[in-house]
Amino acid sequence: MKKRILTGDRPTGPLHIGHYVGSLENRVRLQDEYDCFFIIADYQVLTDHLKETEQTEQSIKEVLLDWLSVGMDPAKSTFFIQSQIPEIAELTMVFSMMVTLARLQRNPTVKEEFKTSGLHAMSYGFLGYPVSQAADILIVRSNLVPVGDDNLPHVEQTREIARTFNSIFSEVFPIPEAQVGEVARLPGLNGQKMSKSMNNAIYLKDTPEEVDQKVGMAITDPARIKANDTGHPDICNIFKYHLAFNKTEVSDIEKSCQQGKIGCVACKKNAAAVINAFLDPIREKRAEFEAKPRIIKNALRTGIERTLKESRETMRLVREAMHFNYEDLIDGKNFIAG
Ligand code: TRP
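These lines cover the structure that appears in this document, whether it is placed above or below. (Residues numbered from 1 in each chain as written. Predicted model: local features only at pLDDT ≥ 70, side-chain atom pairs only at ≥ 80, totals over all residues. Heavy atoms only, no water.)

**Structural notes on the pattern of salt bridges**
A side chain with one charge can pair with a side chain of the opposite charge if their charged atoms come near. Rules: What counts as a salt bridge is simple: a side-chain nitrogen of Lys or Arg found within 4 Å of a carboxyl oxygen of Asp or Glu. Strands are runs of DSSP state E lasting at least two residues, helices are runs of H or I lasting at least four, and both sets are numbered from the N terminus onward. Partly exposed residues are those whose accessible area sits between 20% and 50% of the maximum for their type, while under 20% is buried and over 50% is exposed, using a 1.4 Å probe and protein chains only.
The final tally for this structure, using the stated rule, is 21 salt bridges. Taking the shortest distance from any N to any O, the salt bridge between E62 and R286 comes out at 2.6 Å. Note that E62 is positioned in helix α3 (residues 56-70) and R286 in helix α12 (residues 264-290), a separation of 224 residues in sequence. We note that E62, like R286, is buried. Residues joined in a network through salt bridges with shared partners are R4, D35, R141, R306 and E310.

What follows is the structure, encoded as structure tokens:
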């Protein structure tokens with residue numbers, strides 16, 4: 001039996017090249033070796049986008065097209081939408097009793113996300129979303145969770161919850177392992193974390209013109225004013241893109257920059273060209289899938305069906321372990337006749 005993986009994305013819009021380097025590429029590779037479940041976590045978007053739910057359906061479509069166009073394959077893996085699996089909400093209810101408030105309040109990712117959310121106060125669901133994420137992972141009894149390092153606290157929380165449940169009731173859940181990709185996170189065009197909200201991302205669906213324009217505007221080594229100033233590739237955002245997408249030229253570019261032999265304009269043109277070359281086949285596949293909505297429909301239908309089947313089995317095991325099986329009671333068998 002193949003080991004199981006669960007991972008996925010929040011549908012907040014199209015995915016960017018940072019997602020590719022940090023996780024999508026890895027997912028494509030893992031599909032043969034593991035039984036992969038990929039979640040589109042729409043409930044989790046409510047934490048910080050509660051009033052924009054009319055955009056969620058479109059974002060789900062974007063994520064699905066991005067997934068398909070990079071080679072995540074519904075013939076090998078199971079795609080599903082979080083809100084279509086009611087058992088996840090049920091399991092969240094059970095797990096919520098196994099986490100202290102203090103434990104949730106220590107989660108560094110939740111704290112950081114709240115800070116950047118611009119919200120004035122934190123909802124119960126925002127503080128508790130790692131519990132819901134534990135249910136995402138454990139509803140299919142997943143063994144491995146490939147994530148970015150920002151999600152490590154959530155996987156740690158998931159492990160604690162699984163251990164707690166197993167020790168109070170019985171061994172229903174595996175203790176899942178996190179797997180963090182080795183690639184350093186790609187910076188955004190301005191050097192901060194690449195994200196939609198920062199407006200500093202290159203999207204997988206960007207046109208060649210958009211990529212040229214965005215890379216042309218990117219911030220490089222601020223100490224370089226003239227093209228022949230000596231540069232510092234180690235602090236340059238564009239150099240990070242060469243590292244990720246320009247394996248053959250990257251060491252030459254590093255030297256040329258340090259010696260002031262290549263200017264930022266030429267270096268950026270080169271970076272935009274290699275990013276476009278990388279994106280071209282992805283764009284092509286995206287256009288193919290856009291023309292065949294039936295593939296998306298079938299991927300979701302069969303993915304949701306399979307996830308429901310696994311989730312119902314997990315909840316059956318959970319209820320059994322918790323002595324929440326009331327068939328006899330409901331059938332009236334537990335009452336003394338009379
Ligand atoms: N929190 C993840 C992110 O923002 C998305 C996510 C939701 C997830 N549920 C998950 C990731 C379960 C891994 C496993 O990127």
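**So, the environment of L24**
Going by this rule: Contacts are assigned to residue pairs that have any heavy atoms within 4.5 Å of one another.
Following the sequence through the fold, L24 ends up in helix α1 (residues 17-30). With 46 residues separating them in the primary sequence, L24 and V70 have C-alpha atoms 7.4 Å apart. Setting aside residues no more than four positions away along its own chain, L24 makes contact with D9, L15, H19, W67, V70, M72 and L204.

**Looking at the packing of helix α9 (residues 208-217) against α12**
Axes are the key here: two packed helices are described by the angle between their axes and the distance separating the axes. What counts is decided by this rule: In this analysis an axis means a line fitted to C-alpha atoms, helices contributing only their contacting stretch, and an angle means the value between N-to-C directions, from 0 to 180 degrees. Here roughly perpendicular refers to angles of 65 to 115 degrees, roughly parallel to angles under 35, roughly antiparallel to angles over 145, and oblique to all remaining angles. Handedness of a helix crossing follows the sense of rotation of the near helix relative to the far helix, less than a right angle counterclockwise being left-handed and clockwise being right-handed. Residues are sorted three ways: Asp, Glu, Lys and Arg are charged, Ala, Val, Leu, Ile, Met, Phe, Trp, Tyr, Cys and Pro are nonpolar, and all the rest, Gly among them, are polar.
Closest axis-to-axis distance for the α9/α12 pair is 9 Å, and the angle between their directions is 150°. One finds that α9 runs roughly antiparallel with respect to α12. Here the hand of the crossing between α9 and α12 comes out right-handed. Two secondary-structure elements touch here, α9 through P208, V211, D212, V215, G216 and M217 and α12 through K268, A271, A272, I275, N276, L279 and R283. Here the residues of the contact of α9 with α12 are counted per class, giving eight nonpolar, two polar and three charged.

**Side note on helix α7 (residues 124-138)**
What counts is decided by this rule: One less than the number of residues in a helix, times 1.5 Å, gives the span that helix is expected to have. Bend, at a single residue, is the angle you get between axes fitted to the 7 residues ending at that residue and the 7 residues starting at it.
Between its first and last C-alpha atoms α7 spans 21 Å; for 15 residues at 1.5 Å apiece the expected length is 21 Å, and the two agree. At P130, α7 is deflected by roughly 40°, the largest bend along its length. For α7, the tally of buried residues reaches 13 of 15 residues, placing the bulk of the element in the interior.

**Quick look at the site of the ligand**
The cut-off we apply is this: When we say a residue is near a molecule or strand, we mean one of its heavy atoms is within 4 Å of it. All accessible-area figures derive from a Shrake-Rupley calculation using a 1.4 Å probe, and residue coverage is judged against the displayed protein chains alone.
Neighbouring the ligand are the residues L6, T7, G8, R10, A41, Q44, Q133, D136, I137, V145, V147 and N151. Protein burial of the ligand: of its 370 Å² of free accessible surface, 88% is covered by the chains. Those elements that provide at least two residues to the shell around the ligand are β1 (4-9), α7 and β4 (144-147). The residue inventory of the shell around the ligand, partitioned by class, reads five nonpolar, five polar and two charged.

**Re the packing of aromatic side chains**
The following threshold applies: The rule is short: rings of Phe, Tyr and Trp, with Trp giving its six-membered ring, pair when the centres are within 6.5 Å, and they are stacked under 30 degrees, edge-to-face over 60, tilted in between.
Applying the stated criterion to the full structure yields 11 aromatic pairs. Ring geometry for F165 versus F169: centroids 4.9 Å apart, planes at 45°, classification tilted. When its relative accessible area of 28% is taken as the criterion, F169 is described as partly exposed. Between F165 and F173 the ring centres are 5.1 Å apart and the planes differ by 75°, which places this aromatic pair in the edge-to-face class. When its relative accessible area of 4% is taken as the criterion, F173 is described as buried. Pairwise contacts between aromatic rings join F95, F165, F169 and F173 into one cluster.

**Details of the pairing of β4**
The following threshold applies: Strands were regarded as paired on the criterion that DSSP finds at least two bridges between them.
Of the two faces of β4, the one carrying L144 and P146 and the one carrying V145 and V147 are both buried. Both β4 and strand β5 (residues 177-180) contribute to a ladder of four bridges, which runs parallel. Bridge pairing in β5 links P146 to Q179.

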